[in-house]
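Spelled out from the first residue to the last, the chains are:
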Amino acid sequence: MIWPRLLLVVSAPEFAAALSRDILLKVNLRCCDGQLLRDWLLRRPFASALPMQPMLVKQMADRNPLGVELTFCRKPSSEKGGTDGGLRFAVSFDDELDASLDAKLPGVLLVTRISDGQHIAKHFSERILVQMLLKDLASLPVEIGEVLSVLRPDQLLDRKN
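This report concerns the structure included in the present document. Only a predicted model underlies this, so the values are computations on that prediction, with no experimental measurement involved.

This part is about the pairing of strand β4 (residues 83–93). Burial of β4 is extensive: eight of the eleven residues sit out of reach of the surface. Taken together, the seven bridges between strand β3 (residues 66–73) and β4 define a ladder with antiparallel strand orientation. Bridge pairing in β4 links L70 to L87. Bridge count for β4 against strand β5 (residues 105–114) is eight bridges, and the pairing is antiparallel. Within β5, the position partnered with L87 by the bridge is R113.

Positive phi outside glycine occurs at C31, with the angle close to 50 degrees. Among the structural elements, C31 can be located in strand β1 (residues 23–32). Overall, C31 belongs to the partly exposed group, its relative accessible area being 39%.

On to the pattern of salt bridges, then. Here the structure, examined in full by the defined rule, presents seven salt bridges. Here E146 makes a salt bridge to R30, at a shortest N to O gap of 3.3 Å. Of the two residues, E146 sits in strand β6 (residues 146–151) while R30 sits in strand β1, which places them 116 residues apart along the sequence. With a relative accessible area of 41%, E146 lands in the partly exposed category. Each of R74, D84 and K122 takes part in salt bridges that share partners, so that together they form one network.

Within the fold, D33 resides in the loop between β1 and α2 (34–42). With relative accessibility at 11%, the residue D33 sits in the buried group. Separated by 111 residues in the primary sequence, D33 and I144 have C-alpha atoms spaced 5.2 Å apart. From its side chain, D33 meets the backbone nitrogen of Q35 in a polar contact 3.3 Å long.

One open sheet accounts for six strands, arranged β2-β3-β4-β5-β1-β6; its pairing is antiparallel. Only two strands of the sheet have a single neighbouring strand rather than two, namely β2 (55–59) and β6. Between one strand and the next, the sheet's axes are offset by a mean angle of 15 degrees, whatever the strand orientation. Lying on the sheet, α2 is in contact with β1, β2, β3, β4 and β5; it crosses β3 at an angle near 20 degrees. Strands β1, β3, β4, β5 and β6 of the sheet are contacted by helix α4 (residues 123–137), whose axis makes an angle of about 20 degrees with β1.

Criteria and cut-off values
- Residues numbered from 1 in each chain as written.
- Predicted model: local features only at pLDDT ≥ 70, side-chain atom pairs only at ≥ 80, totals over all residues.
- Heavy atoms only, no water.
- Buried < 20%, exposed > 50% of the residue type's maximum accessible area, 1.4 Å probe, protein only.
- Helix = DSSP H or I, 4+ residues; strand = E, 2+ residues; numbered from the N terminus.
- Pairing = 2+ DSSP bridges.
- Salt bridge = Lys/Arg side-chain N within 4 Å of Asp/Glu carboxyl O.
- Polar contact = N/O pair within 3.5 Å; in protein donor to acceptor, adjacent residues only side chain to side chain.
- Axes fitted to C-alpha atoms, helices over the stretch in contact; angles between N-to-C directions.
- Contact = heavy atoms within 4.5 Å.

This is the structure in structure tokens:
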């Protein structure tokens, strides 16, 4: 099912504020192989960046979009469950193009916050993981894709109009 596209008219600061709440990073890629990018994300050593933070890294259950979910874990209690938010790394393609898994198409890697179950903000942990991913993207293998641009919501907030 293809959802109709919505056009929202907002100013840049309003857009940046809304974007900065949940979207942590947007990476535009050329000649992106979705499956290889997902496998590459699964091999990232996220746990080594935050050795004291228990986490679970797994591929997203849904095939569209392809991606990886990183869930922060905690000891469950009667008031709180065993998850404490996390990050979602989703790989998507232009809706108008045939995004078959075998084709190499322009793609987008979108890193978003998972707030479900999160009782305390994890801004420090999220920032460390995004910085690690940015360093790793600098050496992304050519067969996976080529980074065209990187957009962080804080870059929009810093810009003066």
